[in-house]
Number of protein chains: 2
Amino acid sequence: MAKVLESSPRKDGYRMPGEFEAHQGCWMIWPERTDNWRNEAKPAQKVFAEVAAAISQFEDVTMGVSGGQFCNARDMLPDRVRVVELSNNDSWVRDAGPTFVVDDRGGLRLIDWIFNAWGGLEGGLYSPWDQDELISQKIAELVGVDRYKAPLVLEGGSIHSDGEGTLITTEECLLNNNRNPKLSREEIEVFLGDYLSVEKIIWLPRGCYNDETDGHVDNLCCFIRPGVVALTWTDDRQDSQYQISSEALEVLSGAVDARGRKLDVYTIRQPKPIAISTEECAGVDRVEGTIPRQEGDRMAASYINFYIANGGIVAPLFDDSGDQPAMYKLQELFPDRRIVGIPAREILLGGGNIHCITQQQPKV
Amino acid sequence: MAKVLESSPRKDGYRMPGEFEAHQGCWMIWPERTDNWRNEAKPAQKVFAEVAAAISQFEDVTMGVSGGQFCNARDMLPDRVRVVELSNNDSWVRDAGPTFVVDDRGGLRLIDWIFNAWGGLEGGLYSPWDQDELISQKIAELVGVDRYKAPLVLEGGSIHSDGEGTLITTEECLLNNNRNPKLSREEIEVFLGDYLSVEKIIWLPRGCYNDETDGHVDNLCCFIRPGVVALTWTDDRQDSQYQISSEALEVLSGAVDARGRKLDVYTIRQPKPIAISTEECAGVDRVEGTIPRQEGDRMAASYINFYIANGGIVAPLFDDSGDQPAMYKLQELFPDRRIVGIPAREILLGGGNIHCITQQQPKV
């Protein structure tokens, strides 16, 4: 029912759709680890439940949850969100979970990447990550689809596909020594081509400033539709993000995609710098093997880290004067989708945002 | 997606189908507790895998498994058996799991009975049973169906339905003080009527000799089809089972079903008495709160404890001269199904048999 395939998606005619294509539903994982989520993860659980409720207005949502949190998650979530057991080390299904691929003849499969907690024993964020490593396999079983085991350390948040042969990623992450140190850029490109059926890879140099994922593209830049991208931005030349976004804009402006199109690049201004407070820091348990949170650390806040649902956009708010302009910009970019903003500081405190805690399953 | 319904199946036009009606698939739970399954449950796991493989020839099988046993179960089971996480206290899905009901217009729901480990703190087999209590709810989530929470302590193995308004059960179990002591026989009949949509309940006095479930009917007697039942039997008047089967035969012979039919009763001779060996007993961990296994204890072996699959029967074998006659008899009774016998002593050692470790999900 859920076999491991020895072939590759490209050989079998499977491709990674764009997130803006139609979804069957969305996968999420319930937060609970107290060394990452403050105050016994209760504030984060409340926001995850709001995100799940928002997305479930547009498409089916399945929440994976540890056995110990099943009743609590079931109680905090609306009936229409499905809750299933799914052991995990943390709740970043975008990164630890699968990438679904389709063949446009009704076929659905998934890619089970190697996961090493964003860097393994060289800068990874926690250890062990044994349960995260099983998430893609377990989702394959739950959905009843076959899977490809890709021989590549890769998190879903480090890639964006336009569904038409183009991928955007960052050098900071995919070429990092703590991911696939034995593979050259060219070898990684071959793997990405074989597994995602892409012909053109646009390499941005770096991800957002102080992003603990080693620069995931999904916090910096994403496809709105084929030929159109959005980029997080600041006009403040003193801000550490300025140089990063400027470099990315330069690459994007000069790029052509797999179909030979120049890209339209839209920018969305980031919120003002947000730092972890003393109180927030104090709510996190100290545990051996986990990178600690430090008060005053700047967090990598970006409006780009939103989820595209069927007919909707679920996007982070930061209690910042940039919130409304960002939502307006998203509405301009997605005129046919309803924009839902969710106050997301509690997700940001855990190290990511709405896109990082969601994973779309394409409709076939 | 999986709501709790305040109504009852009868009011909503739902009934419990006979096991011989068409199935969508079968649910099982992977054994692991070392205070019930000898030698770290490895011999039992091998037999559960054989049962799952046998049933999966006929219909889809989903194996629920604790997080800790996921990889081991996945490795021991064929690809075509789906493996999903499902925390549990033990592996008797027939008893701790749901009873599915259908409305014959494509509707599927389930009944979530109260489970108390076959007697709670008065003769129950283990404590706690908190994870078993959640199994029906979790299966409702996995399947995506609504459920009725029945205010009745009941295990699936204590009832057999003909799908046409008749139920067979035993007084020994359903009227036992350790199940629903505050309810009279008449009140229990009202609940069974409301939840299973049955009009006629045939009460057999006792279940099999030394059956630790307090006499579940599914080890003693079952429907072959409406109007036809099979009963475990012995001709040995000195055997403790003789009086039990004789009493049951007398009740069945005098009964009419909900449609006013007399029942055809077929008997299947039980194997010779089987006792737990010293070695088998020594392989079981002693744990506080669990009824211990004693060497020399007679086990309640019966060929009636088989599973009816789509086009097949999966039945226990006991390395006994009665095995082949029993399989021939089953072939006579089910001329259109293929009979698959599985050596089942390792399941019997845990306190039940193939019917007890399976639960059908009807096709709608």
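Scope of this entry: the structure provided in the associated data block. (Residues numbered from 1 in each chain as written. Chains lettered and ligands numbered in written order. Predicted model: local features only at pLDDT ≥ 70, side-chain atom pairs only at ≥ 80, totals over all residues.)

**With respect to the overall build of chain A**
- For chain A, the count of helices and strands is 12 helices and 19 strands.
- For chain A, whose C-alpha radius of gyration is 19 Å, the value lies close to the compact-globule estimate of 21 Å for 364 residues.
- Dimensions of chain A along its principal axes, counting C-alpha atoms only, are 50 × 50 × 45 Å.
- Looking at chain A residue by residue over its 364 residues, the buried ones come to 52%.
- Partitioning the intrachain contacts of chain A with sequence separation of at least 6 by distance along the chain shows that 73% fall at a separation of at least 24. (Helix = DSSP H or I, 4+ residues; strand = E, 2+ residues; numbered from the N terminus. Rg over C-alpha atoms; globule rule 2.2 N^0.38 Å. Buried ≥ 20, exposed ≤ 12 C-beta atoms within 10 Å, placed from the backbone. Contact = placed C-beta atoms within 7 Å.)

**Overview of the sheet that holds strand S2 (residues 23-29) of chain A**
Residues and elements named next belong to chain A.
- One open sheet accounts for four strands, arranged S4-S3-S2-S19; its pairing is mixed. The open sheet terminates on both sides in strands that have one partner only, identified here as strand S4 (81-85) and strand S19 (359-362). Neighbouring strand axes in the sheet, compared pairwise and without regard to direction, differ in orientation by 25° on average.
- The sheet contact formed by S2 and strand S3 (residues 60-65) spans five bridges and is parallel. Note that in S3 the partner of Ile29 across the bridge is Gly64. (Pairing = 2+ DSSP bridges. Axes fitted to C-alpha atoms, helices over the stretch in contact; angles between N-to-C directions.)

**Structural notes on the sheet that holds strand S16 (residues 307-309) of chain A**
Residue and element names in this part refer to chain A.
- Spatially, S16-S17-S18 is the arrangement adopted by the three strands of the open sheet, whose pairing is mixed. Sheet topology places S16 and strand S18 (338-343) at the edges, where each strand pairs with a single neighbour. Strand-to-strand twist across the sheet, computed as the mean angle between neighbouring axes with direction ignored, equals 25°.
- Two elements, S16 and strand S17 (residues 312-317), share three bridges in a ladder whose sense is antiparallel. Opposite Tyr307, over in S17, you have Val314 as the bridge partner.

**A closer look at the relation of the copies chain A and chain B**
- Of the transformation superimposing chain A on chain B, the axial component is 0.0 Å and the angular component is 180°, with the fit at an RMSD of 0.0 Å. Within this description, the copies of the chain are treated as partners about a two-fold rotation axis. Proximity to the rotation axis, assessed at the C-alpha, singles out Glu85 of chain A in chain A; its C-alpha lies 2.8 Å from the axis.
- In this assembly, 100% of the residues forming the interface of chain A have copies in chain B that are likewise at the interface, indicating an isologous arrangement. (Least-squares fit on C-alpha atoms with pLDDT ≥ 70 in both.)

**Focus on the interface of chain A and chain B**
- The interface of chain A with chain B comprises 18 residues on the first partner and 18 residues on the second.
- Put simply, the parts of the chain that give the side of chain A that touches chain B at least two residues each are S4 and helix H6 (135-143) of chain A.
- Top contributing element to the side of chain A that touches chain B by residue count: S4 of chain A, with four residues.
- Residues of the side of chain A that touches chain B, tallied by class, amount to eight nonpolar, three polar and seven charged. (Nonpolar A, V, L, I, M, F, W, Y, C, P; charged D, E, K, R; others polar.)

**What to know about the pairing of strand S18 (residues 338-343) of chain B**
Residue and element names in this part refer to chain B.
- The pairing of strand S17 (residues 312-317) with S18 spans six bridges and is classified as parallel. For Ala315, the partnering residue across the bridge sits in S18 and is Gly341.
- For the crossover that starts at S17, traverses helix H10 (residues 323-333) and ends in the parallel S18, the hand is right-handed. (Right-handed = clockwise from strand over helix to strand, strands pointing away.)

**Regarding the environment of Gln270 of chain A**
Residue and element names in this part refer to chain A.
- Take Gln270: it is sitting in the loop between strand S13 (264-269) and strand S14 (274-275).
- Residue classification places Gln270 among the buried positions, given that 25 C-beta atoms sit within 10 Å.
- Along the sequence, Gln270 and Ser321 sit 51 residues apart, while their C-alpha atoms lie 10.0 Å from each other.
- Among all residues touching Gln270, those that are not within four sequence positions of it are Thr232, Trp233, Thr234, Gln241, Ala301, Ser302, Tyr303 and Gly322.

**What to know about the nonpolar core**
- With 204 residues, the main nonpolar core has Val314 of chain A together with Val314 of chain B as its most contacted residues.
- Apart from residues no more than four positions distant in its own chain, Val314 of chain B is found in contact with Val51, Ala54, Ile55, Phe306, Tyr307, Ala309, Val340, Ile342 and Ile354 of chain B. (Core = buried A, V, L, I, M, F, W, Y, C linked by C-beta atoms within 7 Å.)

**Topic: the pairing of strand S5 (residues 99-102) of chain B**
All names here are of chain B.
- The side-chain alternation of S5 yields two buried faces, one formed by Thr99 and Val101 and the other by Phe100 and Val102.
- Two strands pair when backbone bridges link them, and S5 and strand S6 (residues 108-114) are joined in this way by four bridges, in the antiparallel orientation. The residue of S6 that forms the bridge with Phe100 is Leu110.
- Once S5 ends, the chain turns through five residues before running back antiparallel as S6, passing Asp104 with a positive phi of about 60°.

**Things to note about unusual backbone geometry**
- A cis geometry characterises the amide bond from Ser127 of chain A onward to Pro128 of chain A, with omega recorded as 0°.
- Along the chain, Pro128 of chain A falls in the loop between strand S6 (108-114) and helix H5 (130-133).
- Not every positive phi belongs to a glycine, and Ser197 of chain A is a case in point at roughly 55°.
- As for its placement among the helices and strands, Ser197 of chain A is situated in the loop between helix H8 (185-196) and strand S10 (200-204).
- Of the residues examined, Ser197 of chain A has 25 C-beta atoms within 10 Å and is grouped as buried.
- In this structure, Asn39 of chain B takes a positive phi of about 50° despite not being glycine.

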